[in-house]
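Observations on the model geometry
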Amino acid sequence: MPLMLTSPEGTAGKSWPAILIGLFVAFGGVLFGYDTGTIGGILAMPYWQDEFSTGHRNGEGHLDVTASQSAMIVSILSAGTFFGALTAAPVADAIGRRWGLIASTSIVFNLGVILQTAATDIPIFVAGRFFAGFGVGLISAMIPLYQSETAPKWIRGVIVGAYQFAITVGLFLASIVNNATQHRTDTGSYRIPIAIQFAWSIILISGMLLLPETPRYLIKRNNLHAATVSLAKIRRLPQDDPAITEELAEIQANHNYELSLGKTSYVDCFKGNLLKRLLTGCCLQGLQQLTGINFIFYYGTQFFKNSGFHNSFVISLITNCVNVVSTLPGLYAIEKWGRRPVLFWGAIGMCVSQFIVAILGTTTTGQDDLGNIIVHNLAAQKAAIAFICFYIFFFAASWGPVAWVVTGEIFPLKVRAKSLSMTTATNWLLNWAIAYSTPYLVNYGEGNANLQSKIFFIWGGCCFICIAFVYFFIYETKGLTLEQVDELYAEVSDARKSIAWVPTITFREIQEGKGTEEMEVESIPQKV
């Protein structure tokens, strides 16, 4: 069955406006990916190394930053994103998903870009990366939130997954620009790649000014009229159409049911099956980082250069190209096969590829007394690059987009913003840890582990953990509304049994007193 480009039979209204809205909002991923992708190439630029070095010289005798400075410059972005992601929930709940995205991009992110562009020494550059990261953290939590609350259920996975596709496009664009400016002998070598980010932010801000707020957020704010106007605009139906009334009634009933349980705070995210969902989301996002993908995109250019490849920028461009193209079959698979199988088989493919890269790199290279890599078998090194590309394919087609899809749809409305901010913050916390520790783990020299290609054994081991995690903890949510996902977690305690589950009662029926006895009977075993 081909990927559906038209809504299922019986779907009221138009689906294309919601799809276009979700796909446009995904453009925010370009900011995320581009900002992440520029730094790897910038660190390897000779002019930047001369400009920002404090006197340290690398193994080739060229001025460069130290391992600790490199770690700080790269990882400070992730530190900013961690705090930005945690801040996203109160911002999104206070001023809305739409205005939250506009403020995060226009004020916070652009401030960071200004500081980085103007910098001529490390402190200002680091400050700029922190503020840019803070903005990216806000955006990275709000985009899946906005998408999941506006997308039709039958294509929600593709729309939220498109966010990851936009991230890969951003990484690809960064590698193109870095490759074009790397040989410049002036500040344009690094300022041009950084300043281009203003264009991405202007596009996102301009579009968000034209888009509606999410109906679910407006229901949360008890603004039924505005929610009706918003949903009617998204579905292209009259405000008094029965389909609009019915959909809003279910959203309202779900919200009222949650409110009947009392006011919510961050503490509620750790209660009952909400804790199970939160741990699932946090582990999923954390493991996404521990697969090692950002090692390739943060330090790949420098790593390939250290491994004896003279055209390291070109190899980085190729890996980014693979990343973009491979995300497309992943978007197809999300809705055709579901979340569980895509994550499961993707983890197996990543695991095998990582171990092959580790074995090839470890057995066919050596080092001289200065720490320079000696390649004993060039064919084996080329094979290692090929399997890095295979690894990127499996990641981009599975864990890249699906991690954002799952975390965007497993939480109920009352804690969705709070829980999603914590899962996204987990992603960035691990991102920071990897970015900060990698130079010490990989580089040669006193105080460094000098793992070189052996680091792929670590990533391969983490991918093996991913396989078990998916099998035991990931619920299948393909084709369900966000309210039905809530019902799924209430009725099914074992993720492996979620595949066969079908919804039996709506929150609207619960509000009307229908099916109450069945719900009470089903809840008894869960209390034992």
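As a reminder, the structure under discussion sits directly above these lines.
This is a predicted model, so every value here is computed, not measured.

Criteria and thresholds
Sequence order as written defines the numbering, with residues in each chain counted from 1. Owing to the predicted nature of the model, reporting of local features is limited to residues with pLDDT of at least 70; listing and counting of side-chain atom pairs is limited to 80 or more, with chain, interface and lining totals taken over all residues. To obtain the side-chain values, all non-hydrogen atoms of the structure were included, while hydrogens and water were left out. Helix numbering and strand numbering both begin at the N terminus, where a helix is a DSSP run of H or I of at least 4 residues and a strand a DSSP run of E of at least 2. Contacts were defined at the residue level, with two residues in contact if any of their heavy atoms lie within 4.5 Å. For helices, the axis comes from a line fit to the C-alpha atoms of the stretch in contact; other axes are also lines fit to C-alpha atoms, and the angle between any two N-to-C directions lies between 0 and 180 degrees. Working rule for angles: under 35 degrees goes down as roughly parallel, over 145 as roughly antiparallel, 65 to 115 as roughly perpendicular, anything else as oblique. Crossings are assigned a handedness: left-handed for a near helix turned anticlockwise from the far helix by less than a right angle, right-handed for a clockwise turn. Asp, Glu, Lys and Arg are counted as charged, while Ala, Val, Leu, Ile, Met, Phe, Trp, Tyr, Cys and Pro are counted as nonpolar; the rest, among them Gly, fall into the polar class. By this rule, a helix spans an expected 1.5 Å times one less than how many residues it contains. Distance and chemistry together define a polar contact, namely a pair of N or O atoms within 3.5 Å, with one atom able to donate a hydrogen and the other to accept it when in protein, and with adjacent residues in sequence counting only for side-chain atoms on both sides.

1. Things to note about the environment of Asn320
- Looking at the element boundaries, Asn320 is found in helix α15 (residues 312-336).
- For the pair Asn320 and Ile176, spaced 144 residues apart in sequence, the C-alpha to C-alpha distance is 9.3 Å.
- When sequence neighbours within four positions are dropped, the list of residues in contact with Asn320 reads Leu171, Phe172, Ser175 and Phe297.

2. Regarding the packing of helix α5 (residues 97-118) against helix α9 (residues 197-208)
- Interhelical geometry of α5 versus α9 gives an angle of 165 degrees and a closest axis separation of 10 Å. Judged by the inter-axis angle, α5 sits roughly antiparallel to α9. Crossing geometry of α5 relative to α9 is assigned as left-handed. Listed contacts from α9 to Arg98, Leu101, Ile102, Thr105, Ser106, Phe109, Asn110, Val113, Ile114 and Thr117 of α5 are Gln197, Phe198, Ser201, Leu204, Ile205 and Met208.
- Its residues assigned to classes, the contact of α5 with α9 comprises nine nonpolar, six polar and one charged.

3. Overview of helix α12 (residues 242-259)
- Taking 1.5 Å per residue, 18 residues should reach 26 Å; α12 reaches 25 Å between its end C-alpha atoms and fits that length.
- Sitting at the amino-terminal end of α12 is Asp241, which places a side-chain oxygen 2.8 Å from the backbone nitrogen of Ala243.

4. A few points about the environment of Thr264
- Here Thr264 shows up in the loop between α12 and α13 (272-290).
- In this structure, the C-alpha to C-alpha distance between Thr264 and Lys414, residues 150 residues apart in sequence, is 6.8 Å.
- When sequence neighbours within four positions are dropped, the list of residues in contact with Thr264 reads Lys414, Val415 and Lys418.

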